[in-house]
Amino acid sequence: MDILDDVDLPQDDLSDEEEPVDVHGKLAYLAKCDELRLVPVSQVLKYLEQDDLQVTHYGLGPRGVLALADALRINQSVHILRLADNNLGPEGTCSLLDALVESRRVTELDLSENMLGLRGIERLQGLLAPKVGNVGTLHLRGNKLGDREARVLCDALASNQTVTYLDLSVNQFGEKGGMALGGMLEQDSTIKELNLSWNNLRAKGAASLAVALRANSALEVLNLGWNGLGDEGAKQLGESLASNTGLVETMLSSNGITSAGVAPLCEGIKHNESLASVELDGNNLGREGGDSVTEAVEHNKGLVAMALENTNVADEVQASIQAKLAERRKLQMEQASSPTK
């Protein structure tokens, strides 16, 4: 029995007078499932009618996504595509991306935890090419991407004009990957939020990103937590923060930063006019580090948040810092709520 025979479709669409209009790609999906001898996923059929298609942790695999790709080629409703943890692999990723290049409708794409491989990242270049795709939000978390993939991805992003949010966390980028990312940020003027947490950038990777921050005024949020930056990496970032004019929030949690590294970092924080929030959780700053942070907070009136959990900064010092920042946040809220004259 044909899979299509078991599917209830509106009778209006199956009349003798006209062919069914497959604006959502459901018929294309079912036909491909039938061809591949696959059981259709009800979640796919449900969300093909909506703006946000979320099919995560379903194990679609390369063959399952091939059927979805056929639907997406003609689908006119889906703009957000969430496919994290579906074992797509390079083959499935390529099939999907080819379809997205054809449709040009998806603006948010989540391919996290799919083992894209170098082939998948190379095919992603097509979607990111100027005047091709419209992806503004891109999640590639947990794909075991290394330095080779970083270079290919950054080559594409350097000329891309649509991506504003990029999640590359929980990958395997090392120092060379950091260099590629830094080079990309020197040229890119569209990415506003970049998550690089849980990689292996180390001090040399941080140095390349620091150079980029001097020239890049578009990036507003940068997450470098859990990257082994150390004191040298913190120093490099501090030097760049002094001249950076765009960063609003930076996360540097658990990077092996001590009082020796946080001192030059805080010098940069003191003189940065755009920075509002800094996370330093999980770094062994101690008493001297607490003094450096206190001085930075007092000097930089734009700071409204500073995370210092598990830093060995004395409780009374932390309490004093947080009280000052709470006052600033309260004042900001009052000013925002007061009617303009």
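Criteria and cut-off values
- Residues numbered from 1 in each chain as written.
- Predicted model: local features only at pLDDT ≥ 70, side-chain atom pairs only at ≥ 80, totals over all residues.
- Heavy atoms only, no water.
- Phe/Tyr/Trp six-rings, centres within 6.5 Å; stacked < 30°, edge-to-face > 60°.
- Helix = DSSP H or I, 4+ residues; strand = E, 2+ residues; numbered from the N terminus.
- Buried < 20%, exposed > 50% of the residue type's maximum accessible area, 1.4 Å probe, protein only.
- Core = buried A, V, L, I, M, F, W, Y, C linked by side-chain atoms within 4.5 Å.
- Contact = heavy atoms within 4.5 Å.
- Expected span 1.5 Å × (residues − 1).
- Patch = residues over 30% accessible without salt bridge, like charges linked within 9 Å, V, L, I, M, F, W, Y side chains within 5 Å.
- Areas by Shrake-Rupley, 256 points an atom, 1.4 Å probe, with all protein chains shown as cover.
- Salt bridge = Lys/Arg side-chain N within 4 Å of Asp/Glu carboxyl O.
- Axes fitted to C-alpha atoms, helices over the stretch in contact; angles between N-to-C directions.
- Parallel < 35°, antiparallel > 145°, perpendicular 65-115°, else oblique.
- Nonpolar A, V, L, I, M, F, W, Y, C, P; charged D, E, K, R; others polar.

J.: Outline the packing of aromatic side chains, supporting the account with residue identities and numerical values.
T.: A ring pair, where both rings are aromatic, is described by two values, the distance of the centres and the angle of the planes. In this structure the tally under the stated criterion is one aromatic pair. When the centroid spacing of 4.9 Å and the interplanar angle of 10° are considered together, the rings of Trp198 and Trp226 count as stacked. Taken together, the positions of Trp198 in the loop between strand 6 (193–195) and helix 8 (202–215) and Trp226 in the loop between strand 7 (221–223) and helix 9 (230–241) put the pair 28 residues apart, joining distant regions of the chain. Accessibility expressed as a relative area gives 47% for Trp198, which makes it partly exposed.

J.: Tell me about the nonpolar core, and please be specific about residues and values.
T.: Core analysis: the largest hydrophobic core is formed by 87 residues, its most contacted members being Leu109, Leu140, Leu280 and Val293. By residue number, the principal contributor to this core is helix 6 (residues 147–159), which donates six residues. If we ignore the near neighbours within four places in the chain, the residues touching Leu109 are Leu81, Leu97, Leu100, Leu127, Val135, Thr137, Leu138 and His139.

J.: Can you break down the environment of Arg119 residue by residue, with the values?
T.: Tracing the backbone through its elements, the reader meets Arg119 in helix 5 (residues 117–128). Between the C-alpha atom of Arg119 and that of Gly89, which follows or precedes it by 30 residues, the distance is 9.2 Å. Those residues in contact with Arg119 that lie beyond four places of it in its chain are Pro90, Glu91 and Cys94.

J.: Give a description of the side chain of Lys270 that names residues and reports values.
T.: Mapped onto the elements, Lys270 comes out in helix 10 (residues 259–271). Those residues within four positions of Lys270 in sequence are excluded, and the remaining contacts are Glu295, Ala296, His299 and Asn300.

J.: An account of helix 4 (residues 89–103) is needed here, citing residue identities and associated values.
T.: Across its 15 residues, helix 4 extends 21 Å between first and last C-alpha, which sits within 8% of the 21 Å expected from 1.5 Å per residue. Taken residue by residue, helix 4 has Gly89, Gly92, Thr93, Cys94, Ser95, Leu96, Leu97, Ala99, Leu100 and Ser103 as its buried positions. In this structure, the buried side of helix 4 is in contact with helix 3 (61–74), strand 2 (80–82), strand 3 (108–110) and helix 5. Just past helix 4, the residue Arg104 takes up positive phi, approximately 60°.

J.: I'd like a rundown of a nonpolar patch on the surface, residues and numbers included.
T.: A cluster of nonpolar side chains, contributed by Val170, Trp198 and Trp226, occupies part of the molecular surface with about 290 Å² of accessible area. Given a relative accessible area of 32%, Val170 falls into the partly exposed group.

J.: A description of the pattern of salt bridges should follow, citing residues and the corresponding values.
T.: Within the structure shown, the criterion is met by twelve salt bridges. For the salt bridge of Glu35 with Lys32, the shortest nitrogen-to-oxygen distance reads 3.4 Å. One end of the pair is Glu35 and the other is Lys32, both in helix 1 (residues 26–36) and three residues apart, which spans about a single turn. Looking at Lys32, the relative accessible area reads 15%, which means it is buried. The closest approach of N and O atoms between Lys270 and Glu267, which form a salt bridge, is 3.1 Å. Of this pair, Lys270 and Glu267 both sit in helix 10, three residues apart, which is roughly one turn of the helix. Accessibility expressed as a relative area gives 38% for Glu267, which makes it partly exposed.

J.: Describe the packing of helix 7 (residues 175–187) against helix 8, and please don't skip the residues or the numbers.
T.: Two elements in contact, helix 7 and helix 8, have axes separated by 8 Å at closest approach and are oriented at 5°. On the basis of the axis angle, helix 7 is roughly parallel to helix 8. In contact with Glu175, Gly178, Met179, Leu181, Gly182, Leu185 and Glu186 of helix 7, helix 8 contributes Arg202, Lys204, Gly205, Ser208, Leu209, Val211 and Ala212. A class-by-class count of the residues in the contact of helix 7 with helix 8 yields six nonpolar, four polar and four charged.

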